[in-house]
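Given next are the chains, with one letter for each unit.
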Amino acid sequence: MRALLVVNPAATTTSARTRDVLIHALASEMKLEAVTTEYRGHARDLGRRAADSDDIDIVVALGGDGTVNEVVNGLLHKGPDLENLPSLAVVPGGSTNVFARALGIPNDAVEATGAILDALADRSERTVGLGLAAGTPGSPDEAVPERWFTFCAGLGFDAGVIGRVEQQRERGKRSTHALYVRQVLRQFLEEPHRRDGLITLDVPGQDPVTDLALSVICNTAPWTYLGNRPMYAAPRASFDTGLDILGLRRLSTVAVTRYATQLLTSSPEKGPHGKHAVSLHDLTDFTLHSKAPLPFQMDGDHLGLRTSVTFTGVRRALRVIV
């Protein structure tokens, strides 16, 4: 068995010594090539190389959700092919690691490596669905290339928060949950469209949902974690179904307080709800339009401003070692 290990040296929760230990543990059980990423997009390029290779069976991503997203986009650069593409294994090394934790992988890198080795010995894997987003034909974003996401995307408020976090990280701040909370507050205070949402949701065969101020697309549950606390924006979202969406029409102080409390106390049975909340489950195709360019994110990676994004839920897109 031959594996390619993609290592993000900037992973926030693993040291160089820990990464060396993990590499040796994996190399003891398989023919392993370990490559350290050197630039943004490098993990995607390595995933692409693995997909085009005839002799790589597994790609192991050691890093956070951003590293995993890049690897997945490289692996699927020609689309899903369960018979011929390498399987994916994830060793969490980021601050949140939503995709890995949603799969039931331990959040500790050493424990996760042990779990992966056990799964390989037992030939244990599962097939997961993914989300695909692209610029909408006929819109200013038509030329934006399609991109896969593993657990979530967002147009509007949450993407603005992520953009702020990335700016702080570029200034040398560490990626912590406290940093995210501070940027949520700043985004709320400076959000110009809190009361009059700009987003319209179009689902084929249904009436449009208008005036959304926030839109979160989920491919699994939980949506994210605050420390060890899972938060469920769309509790029924699953790797085995299409995409779910949570939209909020109002972000007033009262509404945000209510929905933030609901998120903090959410569970697999109950997420945010109320007269200004819109929840849709198991969607295959839909489009989000905005009256003005808004921040857009996928898997916690800020991708700039968008006015229209078309989403597709793709079942059975990738094999994952679990």
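The rules behind the values
Residues numbered from 1 in each chain as written. Predicted model: local features only at pLDDT ≥ 70, side-chain atom pairs only at ≥ 80, totals over all residues. Heavy atoms only, no water. Axes fitted to C-alpha atoms, helices over the stretch in contact; angles between N-to-C directions. Helix = DSSP H or I, 4+ residues; strand = E, 2+ residues; numbered from the N terminus. Parallel < 35°, antiparallel > 145°, perpendicular 65-115°, else oblique. Left-handed = near helix turned anticlockwise from the far one by under 90°. Contact = heavy atoms within 4.5 Å. Nonpolar A, V, L, I, M, F, W, Y, C, P; charged D, E, K, R; others polar. Buried < 20%, exposed > 50% of the residue type's maximum accessible area, 1.4 Å probe, protein only. Polar contact = N/O pair within 3.5 Å; in protein donor to acceptor, adjacent residues only side chain to side chain. Patch = residues over 30% accessible without salt bridge, like charges linked within 9 Å, V, L, I, M, F, W, Y side chains within 5 Å. Areas by Shrake-Rupley, 256 points an atom, 1.4 Å probe, with all protein chains shown as cover. Salt bridge = Lys/Arg side-chain N within 4 Å of Asp/Glu carboxyl O.

1. Some points on the packing of helix α6 (residues 157-170) against helix α7 (residues 177-190)
Here is step 1: Between α6 and α7, the least distance of the axes is 9 Å, while the angle of their chain directions is 125°. The angle between α6 and α7 falls in the class oblique. Seen from above, α6 lies across α7 with right-handed handedness. Residues Phe157, Gly160, Val161, Ile162, Arg164, Val165, Gln168 and Arg169 of α6 form the contact with α7, whose participating residues are Leu179, Tyr180, Gln183, Val184, Arg186, Gln187, Phe188 and Glu190.
Here is step 2: For the contact of α6 with α7, the class distribution of residues is eight nonpolar, four polar and four charged.

2. Concerning the side chain of Thr287
Here is step 1: Position of Thr287 among the secondary structure elements: in strand β15 (residues 285-298).
Here is step 2: Classification of Thr287 as buried rests on a relative accessible area of 12%.
Here is step 3: One polar contact links Thr287 to Thr310, side chain to side chain, over a distance of 3.1 Å.
Here is step 4: Once residues within four sequence positions are removed from consideration, Thr287 is found in contact with Thr136, Thr200, Leu201, Asp202, Ser308, Val309 and Thr310.

3. Things to note about a nonpolar patch on the surface
Here is step 1: Nonpolar side chains collect at one region of the surface, where Val181, Leu185, Leu226 and Leu264 lie side by side and expose about 300 Å² of accessible area between them.
Here is step 2: Relative to the assigned elements, Leu185 resides in helix α7.

4. Some words on unusual backbone geometry
Here is step 1: Of note, the amide linkage connecting Ala221 to Pro222 takes the cis form, showing an omega dihedral of 5°.
Here is step 2: Locating Pro222 in the fold gives a position in the loop between β10 (214-218) and β11 (224-226).
Here is step 3: If you check the backbone angles, Asp299 has positive phi at about 50° while not being a glycine.
Here is step 4: Mapped onto the elements, Asp299 comes out in the loop between β15 and β16 (301-321).
Here is step 5: Of note, the phi angle at Arg316 is positive, near 50°, even though the residue is not glycine.
Here is step 6: Following the sequence through the fold, Arg316 ends up in strand β16.

5. Describing the packing of helix α2 (residues 42-52) against helix α3 (residues 65-75)
Here is step 1: Relative to each other, α2 and α3 sit at 35°, their axes nearing to 6 Å. Handedness of the crossing formed by α2 with α3: right-handed. For the pair formed by α2 and α3, the contact residues are His42, Ala43, Arg44, Gly47, Arg48, Ala50 and Ala51 on the first element and Thr67, Glu70, Val71, Asn73, Gly74 and Leu75 on the second.
Here is step 2: Of the residues that constitute the contact of α2 with α3, the class distribution is five nonpolar, five polar and three charged.

6. Let's talk about the side chain of Asn69
Here is step 1: Examined against the element boundaries, Asn69 turns out to sit in helix α3.
Here is step 2: Judged by its relative accessible area of 2%, Asn69 falls in the buried class.
Here is step 3: Of the polar contacts made by the side chain of Asn69, one reaches the side chain of Arg147; its length is 2.9 Å.
Here is step 4: Among all residues touching Asn69, those that are not within four sequence positions of it are Arg147, Trp148, Phe149 and Asp299.

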